[in-house]
Protein chains: 4
Amino acid sequence: MNIFETLESEVRSYSRGWPVVFDRAKGSYLYDEDGREYLDFFAGAGALNYGHNNPALKQALIDYLSRDGVTHALDMFTVAKRDFLQTLDDTILKPRDLEYKVVFPGPGGANAVEAALKLARKVTGKESVINFTNAFHGMTLGALSVTGNSMKRGGAGIPLVHATPMPYDKYFDGAYPDFLYFEKLLEDSGSGLNEPAAVIVEGVQGEGGINAARLDWLKGLDDLCKRHDILLILDDVQMGCGRTGPFFSFEEAGISPDIVCLSKSISGYGLPMAITLIKPELDVWEPGEHNGTFRGISPAFVTAAEALRVYWSDDELEKSTKAKGERISAAFKGIVETYPEANLLAKGRGLARGLEFADGDLAGKVCAAAFERGLLMETSGPDGEVMKLLPPLTLSDEELGKGLDIISESIKTVLHK
Amino acid sequence: MNIFETLESEVRSYSRGWPVVFDRAKGSYLYDEDGREYLDFFAGAGALNYGHNNPALKQALIDYLSRDGVTHALDMFTVAKRDFLQTLDDTILKPRDLEYKVVFPGPGGANAVEAALKLARKVTGKESVINFTNAFHGMTLGALSVTGNSMKRGGAGIPLVHATPMPYDKYFDGAYPDFLYFEKLLEDSGSGLNEPAAVIVEGVQGEGGINAARLDWLKGLDDLCKRHDILLILDDVQMGCGRTGPFFSFEEAGISPDIVCLSKSISGYGLPMAITLIKPELDVWEPGEHNGTFRGISPAFVTAAEALRVYWSDDELEKSTKAKGERISAAFKGIVETYPEANLLAKGRGLARGLEFADGDLAGKVCAAAFERGLLMETSGPDGEVMKLLPPLTLSDEELGKGLDIISESIKTVLHK
Amino acid sequence: MNIFETLESEVRSYSRGWPVVFDRAKGSYLYDEDGREYLDFFAGAGALNYGHNNPALKQALIDYLSRDGVTHALDMFTVAKRDFLQTLDDTILKPRDLEYKVVFPGPGGANAVEAALKLARKVTGKESVINFTNAFHGMTLGALSVTGNSMKRGGAGIPLVHATPMPYDKYFDGAYPDFLYFEKLLEDSGSGLNEPAAVIVEGVQGEGGINAARLDWLKGLDDLCKRHDILLILDDVQMGCGRTGPFFSFEEAGISPDIVCLSKSISGYGLPMAITLIKPELDVWEPGEHNGTFRGISPAFVTAAEALRVYWSDDELEKSTKAKGERISAAFKGIVETYPEANLLAKGRGLARGLEFADGDLAGKVCAAAFERGLLMETSGPDGEVMKLLPPLTLSDEELGKGLDIISESIKTVLHK
Amino acid sequence: MNIFETLESEVRSYSRGWPVVFDRAKGSYLYDEDGREYLDFFAGAGALNYGHNNPALKQALIDYLSRDGVTHALDMFTVAKRDFLQTLDDTILKPRDLEYKVVFPGPGGANAVEAALKLARKVTGKESVINFTNAFHGMTLGALSVTGNSMKRGGAGIPLVHATPMPYDKYFDGAYPDFLYFEKLLEDSGSGLNEPAAVIVEGVQGEGGINAARLDWLKGLDDLCKRHDILLILDDVQMGCGRTGPFFSFEEAGISPDIVCLSKSISGYGLPMAITLIKPELDVWEPGEHNGTFRGISPAFVTAAEALRVYWSDDELEKSTKAKGERISAAFKGIVETYPEANLLAKGRGLARGLEFADGDLAGKVCAAAFERGLLMETSGPDGEVMKLLPPLTLSDEELGKGLDIISESIKTVLHK
């Protein structure tokens, strides 16, 4: 491991909890260089919804590379991009009656968020944005300014301004009416709140601790935005592409946000790709006003289009995701009841699931115990107090069972100490 | 082309000048879906220094994918990353006596710049940064704030502050001593200049108009930074990886900047990848203080390592790049002399070359004429007045000759009108 | 009135509601150039707590001017300043066991606030400040950024950042526990709230609509600040100098804020003067780090010292202010009960009193009707919906009675229409 | 002196160099409490152009106070304000063919600057402002952001952004053509300079070191602003009211700036007062959009109007100021020649004069030696290296001679050590 320690920056983090050298991966499993297998309930932080090296996508990818399909094409027209756009329209947008135009904002989720914020400000002529407590939107300066985590914010080295945090759903455990504070500030011309261009929100907060907003709350937020002429930006970077069941995390709330950010699993194969969906009337950009080198990576378009065709031509994946999510939910309920004194809390929706411990130390120990047993899981939440499950949506029932058994054991080991 | 017009945002730009649908690519050529070939003197805006779908890299990539090497691995330890780090150290850092640690800041050049700015501010506790006239560093909020182009800056929708522009080399055609203004502001405690954390500079400005700073000027800047305790950030995103001849654009100036940003051609195959090189003493980050989903894309590590082995184990590529650059320079000199009334200006270093026209209209017409003849070139500079050449470093002498002929003809057509 | 219309900017406001030319003033009365008298229940927006041209202060002032006491002395030592400092210490600070050092920040309340904010940021090394809904702290950029009124904020022409508004007392009519949201944001490291250097608060909000914070709430805020190491800045510019009864509006809450801003009535005679009181341990400024031309106006020191001697050597003024305040409160209660359908709300403490109407139009009409009857009053609140009473503390019982009669009549006229 | 040390903040500065307690003042003299006299060549940092307690103004002031003229009147119409406006129009504006409207921005120079900046941003919709090296405009956040001194800027505690410094006249001793850099940045759309709303400039920089811009340079700046649609703000707070000879420091340059800031000597008697003059077409404010408590201090209006009548009804004061200025200039020339090895530099215009020493230590010692001899002078410039003379314009020839003698002796003492 020497070269990592000598040459890689101390900013690396995952390698600290999982100090092995990974080599291969397939489906729900990663393998280290000694051949040991690890069941992956982290899935690239949500970037591998269809599992590692998914065979259908792999075949399309290798075929494309083999025939010398153009790899890097900036924002030129390509056959691969055309196929992606057509497939997105056919399998996702049209069936959901969603009318959006597609921006290719750069290779990662932060680019999708930066493009969204820039456009919202340009369209409205306002600079202020509302974000939510425990939000996570990325590490570039614009995205970081709407992110909650104070350690990550501190890394900016300049004051992060232009955003005001409002309480996410359940922040006060339902003790107060939704949006009471937010709407009062908006309606009171003396409140001191700068009139916001946009609200940016996640359907379920992943990094923030697997906080699943109620669908009613999302609907209420959409209504509020409409009442006050505020653009609604839905950051579905982590929770989109089926993570909560439906393709978009907001579908069941019956809303269609003004701007939607997608990345992580959109390419399907773990290749960097991001898109920002915008209502057609917001498409006011000058050509080239937002650009970037890695906006037209054709191999990613190829796997993205194939993933949409394979997994989103029918509702099988959505159903299975919900069913597996319910199975985790039931298992967590059992665990919560088994350790009443531990005050555990089960959270989440679809296959974004969390189990909240009293503190980050306990959750970290459980993840460490799971790692020893061959299961990869991470913590999230402001103090790392939530054990987070983001398995591939394609994991088998057997794999899910195996993972849940390891979790059960690991918790037992930690809590019974 | 219908689906592009319906579904893709108006922000797209390259497709406007080259309204064909590209399908395949190999070496120095792109092919549209009707099989027409285009000699590529743009090379992914510098992201394809080794040409399209380079066969050596392609083989390594397909082998890796075929054996199910892990694709997406966040910042875990992987065999692919280890090989990349070791190869980078062996072929690039050690032979040049450069001591750096490697940050994987995210998938694109803007991420490398954002990480550099964040770190410089964190280390120094200062917020202000000096950038240069006509700089280009990226489209995310931090990178955009140090970028010069007013149209792109305007897209931010908020005031871009914290940066003060200084004149790049030759901004006044040598009429004034280098850095006179900059250093006077630094030394005068009443100047009103906020004390800068860092200077960010490109060795050759690509987007700014192929402005090649003299090596003396770069050395002078490095000296000034040392005198005033300012960190020097060298953004080699476009000009690194051999574009100007040596691997780094700053090598021949005899300097070793505090922070170096690389992206574009670092993966070698056009796949999204970026690294930020930092002096070991600057490595003060907390684990995870800067992170991101696409920092460990192993297929990119595989092609990156292979590219370093194939092209940087000896100095053949460097020599050939310089030689080809000189050939372009000579050809441009001829063109400049042929049209004395047009006041053309030849610019650049290595295989980053530009020919400046009186205005953007002329340069645009030449590029359009070249496109009709099967040559892809773009303009750059504040008014698009520079015809820009960034061919693959691997192009053959015959391809170079063919391209120069088309350029010659295209200029003739336009200027003789 | 011609020269005003030709030469004075349209930004003037009070002259619009009171379109007469005032000439003389004495005690509780202003006189226009035609000799008509106006009972003044506005008192220079709280700058004339001891009435117009108070005879005791007038004598001291004319004596000082006549003997050529130095008028303008920057921050030099002067006999007049020494007398003021000594008197402040003897009559105000020592009797209340308050330990403060005195900054002379410039001539107006905004200067006192700017100095407070600068010092709080310097001492803590943090940039963010918490202000409250409907706060008013002044019109200079620093003070404006913590002010609530959106029209006034809009005048800045740049985004006002670095401050986050929290709900002032009773903002939700007790529906939320005090400070619930504020403290939760502080305690949650993922909340996205930048760690604040300071909280700035008014004991009673004047411009915001005569909102009198409960003493318990102020005490609770002080406790919260202590728990979280946040400096508490009490802006007593309008409510200090006895407006609410005691010299400081916060006395009865049993707190001693870290920084206190005073201006308006501190000179006693309406002359520009301001002081910022700071805990001795906060006095970390370099000599001259904050300065200004009008920090040592001796005539103001002379009237200020005299006012402290005359009015604050015993508790008579405090008692009388409270008694008169109660009389207004009783009268307002009667009015509220007389017009149950009008949903009036009586507000305030001491001689800062307000009567809230359903909208700004009604409150404005009442003030206009009162002006016709020879009584000067203004509106406040975000929509001007509060009829505001800030009479001189020295008004006689008879004057108070007369004013209340006019108010009664004016309301009758307006509400019965 | 005890109470000062115990109770006054360490931020006090002038009292450190002049550790005596002043009591009375008249004309060009201050007197300490022991009756010792000090010839005042500082004149309230330019706030006492007509001397201390000028008898003509004193009489008008005492008359006004005695007859109970209204003292504090916010922005109501008053007889005193009408007289001031009419006199300003008659004696200053009309004779110079200047068309301005008058804003009463608050009591001090910083208020005049804050109002100017706010209005310029509101009118243009741009946020950026150009200031000059070694500028001084005030201590409130907006004014401080366009001030050069790094120690004073550091006091802000937040990054001071939105302003970019350009070189003031003679900054490079004529080595660069005027405005070369500034105009190039404006014309180059890739320069990275945010398009400025306004330029703010002093006719002569007082705090910056008595730097007198050539009239040609001011004219050139005005032309540049017109060419580029930038508002020109002339901060005449210290150099207006006749300090350089004519009433405005810019008159002889033949320009009429869009916005002019006046304060310091405008009231004539050292009382806090400020006005912002704006071109009529810029008067776009909403009523009350900029306000403040101390905008209508009638005693100041009374002395201000009287000063205009007494000193600006003819050109005697202007002529005498110039003549006395020339006398100082000649005396300084003699001193410069007497000490060739000291490299002294004589600076200034009218009765704003400076003598630059090699460093701040020497200049400070000369001022200290002068103080011992009964002469008050201060240093200015970024390192305090300039001995600054701002005597009352009304000083007698004998007083001037006496002061120059003391200066001569003091320099001799210091330089011959």
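Residues numbered from 1 in each chain as written. Chains lettered and ligands numbered in written order. Predicted model: local features only at pLDDT ≥ 70, side-chain atom pairs only at ≥ 80, totals over all residues. Heavy atoms only, no water.

(A) Layout of the overall build of chain A. Across its full length, chain A carries 14 helices and 18 strands. Since a compact globule built from 417 residues should have a radius of gyration of about 22 Å, the 21 Å found for chain A is in line with a globular shape. Taking the principal axes of the C-alpha coordinates as reference, chain A spans close to 60 × 55 × 45 Å. By residue count, 70% of the 417 residues in chain A fall in the buried class. (Helix = DSSP H or I, 4+ residues; strand = E, 2+ residues; numbered from the N terminus. Rg over C-alpha atoms; globule rule 2.2 N^0.38 Å. Buried < 20%, exposed > 50% of the residue type's maximum accessible area, 1.4 Å probe, protein only.)

(B) Examining the domain arrangement of chain A more closely. All names here are of chain A. Structurally, chain A comprises domain 1 (3-54 + 316-416) and domain 2 (59-311). A separation of 25 Å is found between the C-alpha centroids of domain 1 and domain 2. Counting from both sides, the interface comprises 32 residues of domain 1 and, opposite them, 29 residues of domain 2. Here domain 1 packs against domain 2, burying approximately 2,600 Å² in sum over the two surfaces, 49% of which is carbon and sulfur. Between the two partners, domain 1 and domain 2, sit 2 salt bridges. The shortest N-O distance in the salt bridge between E207 and K388 comes to 3.1 Å. (Domains from an automatic or database assignment. Contact = heavy atoms within 4.5 Å. Buried area = accessible area lost by both parts, 1.4 Å probe. Salt bridge = Lys/Arg side-chain N within 4 Å of Asp/Glu carboxyl O.)

(C) Structural detail: the pairing of strand β2 (residues 29-32) of chain B. Residue and element names in this part refer to chain B. Burial along β2 is two-sided: the face carrying Y29 and Y31 and the face carrying L30 and D32 are both buried. Taking the residues that link successive antiparallel strands as the turn, the strand β1 (residues 21-26)-β2 hairpin has 2 residues, and the phi of G27 there is positive, at about 60 degrees. Sheet topology places β2 next to strand β3 (residues 37-40); 3 bridges connect them, and they run antiparallel. Opposite L30, over in β3, you have Y38 as the bridge partner. Between β2 and the antiparallel strand that follows it, β3, lie 4 residues; G35 among them carries a positive phi value of about 90 degrees. (Pairing = 2+ DSSP bridges.)

(D) Quick peek at the interface of chain D and chain C. Facing the 104 residues of chain D at the interface are 104 residues of chain C. Linking chain D with chain C are 12 salt bridges, by the criterion used here. Summed over the shared surface of chain D and chain C, the result is 48 residue pairs in polar contact (both at pLDDT 80 or more). The element that contributes the greatest number of residues to the side of chain D that touches chain C is helix α5 (residues 79-93) of chain D, accounting for 7 residues. (Polar contact = N/O pair within 3.5 Å; in protein donor to acceptor, adjacent residues only side chain to side chain.)

(E) The packing of aromatic side chains, seen in detail. All told, the structure shown has 88 aromatic pairs over all chains when counted by the stated rule. Here the aromatic rings of F247 of chain C and W312 of chain C are separated by 5.1 Å at their centres, their planes lie at 90 degrees, and the arrangement is edge-to-face. Taken as a pair, F247 of chain C in the loop between β11 (231-235) and β12 (259-262) and W312 of chain C in helix α11 (residues 298-312) lie far apart in primary sequence, 65 residues in all. A relative accessible area of 0% places F247 of chain C in the buried class. A network of ring pairs unites the aromatic residues Y171, F172, Y176 and Y181 of chain A together with Y171, F172, Y176 and Y181 of chain C as a single cluster. Its end group placed over the ring of Y31 of chain B, R24 of chain B keeps NZ or CZ at 4.8 Å from the ring centre. (Phe/Tyr/Trp six-rings, centres within 6.5 Å; stacked < 30°, edge-to-face > 60°. Lys NZ or Arg CZ within 6 Å of the ring centre and 35° of its normal.)

(F) Structural context of the relation of the copies chain C and chain A. Turning chain C through 180 degrees and shifting it by 0.0 Å along the axis lays it on chain A, with an RMSD of 0.1 Å. Here the copies are linked by what is in effect a two-fold axis. Taking C-alpha positions as reference, the residue of chain C nearest the rotation axis is V161 of chain C, located at 3.0 Å. (Least-squares fit on C-alpha atoms with pLDDT ≥ 70 in both.)

(G) How the structure looks around the nonpolar core. In terms of nonpolar packing, the biggest core is built from 468 residues, with F84 of chain A, F84 of chain B, F84 of chain C together with F84 of chain D touching the most fellow members. Apart from the residues lying within four places of it in its own chain, the contact partners of F84 of chain B are F104, I266, M273, I275, F301, A304, A305 and L308 of chain B. (Core = buried A, V, L, I, M, F, W, Y, C linked by side-chain atoms within 4.5 Å.)

(H) Inspection of the relation of the copies chain D and chain C at higher detail. Superposing chain D onto chain C takes a rotation of 180 degrees combined with a translation of 0.0 Å along the rotation axis, leaving an RMSD of 0.0 Å. Most of the interface of chain D is mirrored in chain C: 100% of its interface residues are interface residues there too.

(I) Quick peek at the packing of helix α4 (residues 55-66) of chain C against α11 of chain C. Residue and element names in this part refer to chain C. Contact geometry for α4 and α11: axes closest at 9 Å, N-to-C directions at 145 degrees. Like other packed secondary-structure pairs, α4 and α11 cross with a definite hand, here right-handed. On α11, the residues that touch A56, L57, A60, L61, Y64 and L65 of α4 are S298, P299, V302, T303, E306, A307 and V310. Considered class by class, the residues forming the contact of α4 with α11 number 10 nonpolar, 2 polar and 1 charged. (Axes fitted to C-alpha atoms, helices over the stretch in contact; angles between N-to-C directions. Left-handed = near helix turned anticlockwise from the far one by under 90°. Nonpolar A, V, L, I, M, F, W, Y, C, P; charged D, E, K, R; others polar.)

(J) Expanded view of helix α14 (residues 397-415) of chain D. Relative to the 27 Å expected for 19 residues at 1.5 Å per residue, α14 of chain D spans 27 Å between its end C-alpha atoms, a close match to the ideal helical length. For α14 of chain D, the set of buried residues is E399, L400, G401, G403, L404, I406, I407, S410, I411, V414 and L415 of chain D. (Expected span 1.5 Å × (residues − 1).)

(K) Molecular detail of the sheet that holds strand β12 (residues 259-262) of chain A. Residue and element names in this part refer to chain A. The strand order across the open sheet formed by 7 strands is β5-β13-β12-β11-β8-β6-β7, and the pairing between neighbours is mixed. In this open sheet, the two strands that pair with only one neighbour each are β5 (101-103) and β7 (163-166). On average, each strand axis in the sheet is inclined to that of its neighbour by 25 degrees, with strand direction left out of account. One ladder, built from 3 bridges, connects β5 with strand β13 (residues 275-278); its direction is antiparallel. Within the sheet, the bridge partner assigned to V102 lies in β13 and is L277. The strands touched by helix α9 (residues 180-187) are β6 (128-132), β7 and β8 (196-201); relative to β7, the strand with the most contacts, the crossing angle is about 140 degrees.

(L) Spatial organisation of the sheet that holds strand β1 (residues 21-26) of chain C. Here 5 strands make up an open sheet; going across it, the order is β16(C)-β3(C)-β2(C)-β1(C)-β4(D) and the pairing mixed. Bordering the open sheet on either side are β16 (375-376) of chain C together with β4 (77-78) of chain D, each of which pairs with just one other strand. Note: β1 of chain C against β4 of chain D, 2 bridges, orientation parallel. Across the sheet, V21 of chain C pairs through a bridge with F77 of chain D, a residue of β4 of chain D. Helix-sheet contacts for helix α14 (residues 397-415) of chain C involve β2 (29-32), β3 (37-40) and β16 of chain C, and the interaxial angle to β3 of chain C is about 95 degrees.

(M) Just the side chain of E378 of chain B, in detail. Structurally, the position occupied by E378 of chain B is in strand β17 (residues 378-380). Nearest to the buried, unbridged E378 of chain B among oppositely charged side chains is K388 of chain B, at 6.1 Å. (Lys, Arg positive; Asp, Glu negative; His and termini not counted.)

(N) Spotlight on the packing of helix α5 (residues 79-93) of chain A against helix α11 (residues 298-312) of chain A. Residue and element names in this part refer to chain A. Packing of α5 against α11 leaves a shortest axis separation of 8 Å and a crossing angle of 25 degrees. With respect to their mutual orientation, α5 and α11 come out roughly parallel. In the packing of α5 onto α11, the handedness of the crossing is left-handed. In this structure, α5 contributes A80, K81, D83, F84, T87, L88, T91 and I92 to the contact, and α11 contributes S298, F301, V302, A304, A305, L308, R309 and W312. (Parallel < 35°, antiparallel > 145°, perpendicular 65-115°, else oblique.)

(O) Just the interface of chain C and chain A, in detail. Listed per partner, the contact involves 35 residues of chain C and 33 residues of chain A. At the boundary of chain C and chain A, one finds 0 salt bridges. Counting residues per element, the ones that place at least two in the side of chain C that touches chain A are α8 (150-154), β7 (163-166) and α9 (180-187) of chain C. Here the residues of the side of chain C that touches chain A are counted per class, giving 17 nonpolar, 13 polar and 5 charged.

(P) Geometry of the pairing of β1 of chain C. Taken together, the 4 bridges between β1 of chain C and β2 of chain C define a ladder with antiparallel strand orientation. Residue pairing across strands places A25 of chain C opposite L30 of chain C, the latter belonging to β2 of chain C.

(Q) How the structure looks around the environment of G292 of chain C. Residues and elements named next belong to chain C. Examined against the element boundaries, G292 turns out to sit in the loop between β13 (275-278) and α11. Given a relative accessible area of 25%, G292 falls into the partly exposed group. A C-alpha to C-alpha distance of 39 Å links G292 and D34, two positions 258 residues apart in sequence.

(R) Quick peek at the environment of L376 of chain B. Residues and elements named next belong to chain B. Within the fold, L376 resides in strand β16 (residues 375-376). The exposure class of L376 is buried, given its relative accessible area of 0%. Sequence-wise, L376 and F42 are 334 residues apart; in three dimensions their C-alpha atoms are separated by 6.2 Å. The contact partners of L376, leaving out residues within four places of it in the chain, are W18, F22, L30, Y38, L39, D40, F41, F42 and F371.

(S) Structural view of unusual backbone geometry. A positive phi angle, near 45 degrees, is found at L74 of chain A, a position not held by glycine. Structurally, L74 of chain A is set in the loop between α4 (55-66) and β4 (77-78). At C241 of chain D, a residue that is not glycine, the phi angle is positive and equals roughly 55 degrees. Relative to the helices and strands, C241 of chain D is located in the loop between β11 (231-235) and β12 (259-262).

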